[in-house]
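A look at the structure
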Amino acid sequence: MDTRSEDARLPYYEDPSPGSGALPARAWYSASDAARLSLNGAWAFRLSGTAEGADTGFTADDADTAGWQEVTVPGHWVLQGHGAPAYTNVNYPFPVDPPRVPTENPTGDHRRVFDLPADWPAAGECVLRFDGVESAARVWLNGQELGTFQGSRLPHEFAVGHLLRERGNVLAVRVHQWSAGSYLEDQDMWWLPGIFRDVTLLHRPEHSPADFFVHAGYDHTTGTGTLRVDCDVPGRVTVPELGLDLATGEEATAPVEPWTAETPRLYDGELDTEGERIPLRIGFRTVGVEDGVFKANGRPILFRGVNRHEFHPETGRALDLDTMREDILLMKRHNINAVRTSHYPPHPAFLDLCDELGLWVIDECDLETHGFCFFEDWRGNPVADERFTPALVDRAQRMVERDKNRPSVVIWSLGNECGAGAGLSAMAAWIRDRDPSRAVHYENDYDYPDSDFYSRMYAPHAEVELIGRREEEPLADPELDAHRRSLPFILCEYAHAMGNGPGGLSEYQRLFETYERLQGGFVWEWIDHGLPRRTPDGRVYFGYGGDFGEELHDGNFVCDGLLFPDRTPSPGLIEYKKVIEPVRITGDPAAGTVTITNGHDFADLSHLAFEWVHEIDGEAVASGPLTVPALAPGASAEVKLPAPPAAGGEGEAVWTVRAVLAHDTPWAAAGHVVAWGQSAVKAAPRPAPAGGAVAPSRGADGIALGRGLFDPASGALVRLGGITLDEPVRLDVWRAPTDNDMGAAWQADLRYGPRWAELGLHRMRHRIDGVATDGDALTVRTRVAPAASNLGLRADYRWTASEDELRLTVTVTPEGEWSCPLPRLGIRLGLPAAFGQASWYGGGPGEAYPDTRAASRLGRYAMPVDALQTPYVRPQENGARSDVRWAELRADDGGGLRVTAGSAPFWFTARRWTSAELDAAEHTTDLVPGDTVWVNIDHAQHGIGSQSCGPGPLPQYVLNVAAAEFSLAFREVTGS
Ligand code: GAL
């Protein structure tokens, strides 16, 4: 069958070609002396269920739009009360038959009437620019059709000067949700149609540039920058600070400070043509792969990156400037130095801010065809279908031309998850020809014919290490293998930040810092795409896939970011900040020194001040500044700490050294903590676990032991002094599975969350085998096991007491052939709801798990139980504090319970619901505080890993079932 002739009859929105009528792509800039008029604002809007369901009469001057509604442009109509958003990850939410789309094709007609400002110039041309429309549009001005376009996150411009009038211009835009372009836009995100970026009318004076290309390189051997601005009309380029004044097309060299993400030095300049003066912000830098390493200005870069989708909970992918800036400030404050613009070019103003504030950018094209992976050999994949090649090349051109003058953009990425195909090679060839000054990236063709990087997603640590050593498994074809082996390596995605986690960041970072070939990675992803919803009683929660009536969806896989949807940093971001800190501080308390290593790629340490604090049992007893030399990148120095303060006492003595910003920067104020390190001088003595001074005695109420009262039949602790326990102390091994515990569906054999459920760890029964008083101890023997299983855990509780303290030693002995780890191992108890104030001495202030504890700093902390909770969009285990020496829960009158660690510090968790309730909840508002504060004191926790998309916990963080013993002390505390 001749598909071409059949396609020729297809309507424009099913035509795989790039569209018609638009002007050639060109550089985007935010200002010039040419007039511009924003057409953002309220537009008249009508939604139809099909592409051709409504007539095009609305394009006429005198069209009757009575009865139409209104939408805000930029915006998505589905977030403004018309239709609904829908989330799928890989699946296309429509039958796959490219380039055809469903007849049910929500179509938004938009209309806006505008006047030209009084001072709008009469001469010259005008263009109408759309910075982003999803997914296909047809445009009319004053009744004349301008053309059609696809390519949602790319700009399209139309010449309109001949059509404009002073007053009453009618701009009409028909937007279809589905188009041939939708096959190229299968990114893992909400489907959100609409005119979601700016619409602007731009005056183009006579003799103004159609386009210009700023080439600004840096030679690190001479310290000079070379500038050349190519432009289609003659003009002059001036950079006053450098004394440069040269013609377009001419080259000039001058000593400069180079641009890097750490030192984003920009020089203000101007491109002056007869028709237009355009401000330039020039960053001199040279990037490229040299000897198998990606370098900027002659030095290798280590990407401490993140994948960023554009997302705002209220406005979807329509982002205002403040939100863009907030994203970058948050990244900079968390030591992030690079962004991959997954998986489309962002709003161009975002890149302005990356230039200004300093981030390395992988600018990724608006392209993903992942849904074809379900068919044999990716049958039908548009990147291997020549009908789509012009559209692919058009997308590459629109990205490169728009963003080519950005110093922050150092790598062009062809797209994401499209398998392999000649269309990708055509894109790469065009890009290399147009802009040889940057590298090209593509991950999903594992032969890497078109990529300057060996790039992977979610590769486990062991494999990354092999790649670092250049000892990876060879490709079958020796030539391809040699090519791949010569490439630098990045993880364009790793550490899936879904729910609690990601675990294992420190171990990745250690690899990146060990092997030159490993140039870092980009955590998946920046922000949870949760959309706000309300319960019937008005409480707000964040919804995810399936909450909007979708027949096909991927649930909360859309909430996998380092930020919660409202941009509150999640514990994962705090952890990432610590793991990637660009200064390493390691103490040697015995020698009284601390070693400082500058891990920046370019900056010395002169922008930082150092300070020390000496703490005893978490209380600061002395502090002061620390003089550290302005070390060059990569350099280390051993710095003497002051003599420990004399008033040390018996407690645990710890040095904390911090590196803080010495001065205000554009992204954080002086004093902002960039890095820190802690080292213990001496550990605190631990209370002896046994050897009580008081013996148990049986009485009418039960068994009394010190201030404790126990049930004689079950051996359960009922009361401690004045505290009546809601639930006794007993063994607990279960946690509400995290997204990482549940794992991704394609990892069937490794997922522990489902195995725990199968095994019944959430329904363990406690059989009492004996309650005995023996000398000074009360011993309770139990067997803890789920129905239908022959696996079990013998748990013996040995209680002793002094006058005011109960001590407990728990001995756990597994029975049977356990083949999967435990979620946790410890005890749980229930306290009255009044005990709502927590305080502890241990790791904090935020949550930590065995493989997410780098950011947990030893100290004293206090916060309400409610504040201990981490509000993961889909509720799951959260909120544990690590390395706890003691923890208290008190009522407002100050009375409460203190639990002190015996043999080893413990993990402390307190919440107003049970693990079962936490597990059952689907949204945060499902969690309703009960009458009990549930406290978990864990001897051990299973790691977190990153298995919601990647590898599970590393072996050292797997909580294998084994005999264990731990001890604790309980004491009633009174108000003081
Ligand atoms: C990757 C993909 C991302 C996202 C992630 C999982 O395969 O490139 O877009 O889907 O997995 O969250």
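All values reported here derive from a predicted model rather than from experimental measurement. (Residues numbered from 1 in each chain as written. Predicted model: local features only at pLDDT ≥ 70, side-chain atom pairs only at ≥ 80, totals over all residues. Heavy atoms only, no water.)

1. Some details on the pattern of salt bridges
Here is the rule we go by: Salt bridge criterion: a side-chain nitrogen from Lys or Arg within 4 Å of a carboxyl oxygen from Asp or Glu. Comment: elements are numbered from the N terminus, with helices defined as DSSP H or I runs of at least four residues and strands as E runs of at least two. To sort residues, take the accessible area from a 1.4 Å probe on protein chains only and compare it with the maximum for the residue type: under 20% means buried, over 50% means exposed, and anything in between is partly exposed.
Scanning the entire structure with this criterion turns up 70 salt bridges. Here R485 and D481 are joined by a salt bridge, their closest N and O atoms 3.1 Å apart. Separated by four residues within a single helix, R485 and D481 lie in helix α7 (residues 478–485), roughly one turn from each other. For D481, a relative accessible area of 9% translates into the label buried. The network of salt bridges with shared partners includes E134, R153, E185, R317, D366 and R395.

2. Some details on the packing of helix α2 (residues 321–333) against helix α3 (residues 348–357)
Where we set the bar: A fitted line through C-alpha atoms represents every axis, and for helices the fit uses only the stretch in contact; the resulting angles, taken between N-to-C directions, go from 0 to 180 degrees. Crossing handedness follows the turn of the near helix against the far one: under a right angle anticlockwise gives a left-handed crossing, and clockwise gives a right-handed one. Contacts are assigned to residue pairs that have any heavy atoms within 4.5 Å of one another. Residues were grouped as follows: Ala, Val, Leu, Ile, Met, Phe, Trp, Tyr, Cys and Pro as nonpolar; Asp, Glu, Lys and Arg as charged; and all remaining residues, including Gly, as polar.
The N-to-C vectors of α2 and α3 enclose an angle of 35°; their axes lie 10 Å apart at closest approach. The two elements α2 and α3 cross, and the hand of that crossing is right-handed. Where α2 approaches α3, its residues L321, M324, R325, D327, I328, L329 and K332 are matched on the opposing element by A349, F350, L353, C354, E356 and L357. When its residues are assigned to classes, the contact of α2 with α3 shows nine nonpolar, no polar and four charged.

3. Points about the domain arrangement of the protein chain
Let me state the cut-off plainly: Each domain's extent was defined by an automatic or database domain assignment.
Assigned domains within the protein chain: domain 1 (3–204), domain 2 (212–288), domain 3 (298–577), domain 4 (592–682) and domain 5 (705–973). When each unit is reduced to the centre of its C-alpha atoms, the spacing between domain 2 and domain 5 is 61 Å.

4. Side note on the sheet that holds strand β30 (residues 439–441)
Adjacent strands of a sheet form backbone hydrogen bonds with each other and so pair up, either parallel or antiparallel. Heads up, the rule is: By the convention used here, strands pair only if DSSP detects at least 2 bridges between them.
Strand order in the open sheet made by the eight strands is β30-β29-β28-β27-β26-β33-β32-β31, with parallel pairing throughout. The open sheet has two free edges, formed respectively by β30 and β31 (454–457), since each of these has just one partner strand. Recorded for the sheet is a direction-independent mean angle of 25° between the axes of neighbouring strands. Where strand β26 (residues 303–307) meets strand β33 (residues 518–523), four bridges bridge the pair, whose relative direction is parallel. Residue V306 lies in a different strand from β33, and its bridge partner there is V523. Along the sheet, helix α8 (residues 505–514) contacts β26, β32 (489–494) and β33; its crossing angle with β32, the most-contacted strand, is approximately 165°.

5. Description of α8
Turning to α8, its buried residues are L505, E507, Y508, Q509, L511 and F512. Residues of α8 that are buried make contact with β26, α6 (461–468), β32, β33, α9 (571–579) and β36 (583–588).

6. Describing unusual backbone geometry
Between E134 and S135 the backbone carries a cis peptide bond, its omega angle lying at 0°. Tracing the sequence through the fold places S135 in the loop between β8 (133–134) and β9 (136–141). In the segment running from G501 into P502, the intervening peptide bond is cis, with an omega of 0°. Its identity as a non-glycine residue notwithstanding, E417 has a phi of 45°, on the positive side. For E417, the location among the structural elements is in the loop between β29 (409–413) and α5 (422–434). One non-glycine residue, A495, adopts positive backbone phi at about 55°. Its place among the elements puts A495 in the loop between β32 and α8.

7. Some words on a nonpolar patch on the surface
What counts here: Nonpolar side chains (Val, Leu, Ile, Met, Phe, Trp, Tyr) within 5 Å and like charges within 9 Å form the patches, drawn only from residues with over 30% relative accessible area and no salt bridge. Here the accessible surface of atoms and residues is derived via Shrake-Rupley with a 1.4 Å probe, and residues count as covered only by protein chains that are part of the display.
A contiguous nonpolar surface patch, about 250 Å² in accessible area, is contributed by V96, F374 and F375. Its location among the elements puts F374 in the loop between β28 (360–364) and α4 (389–403).

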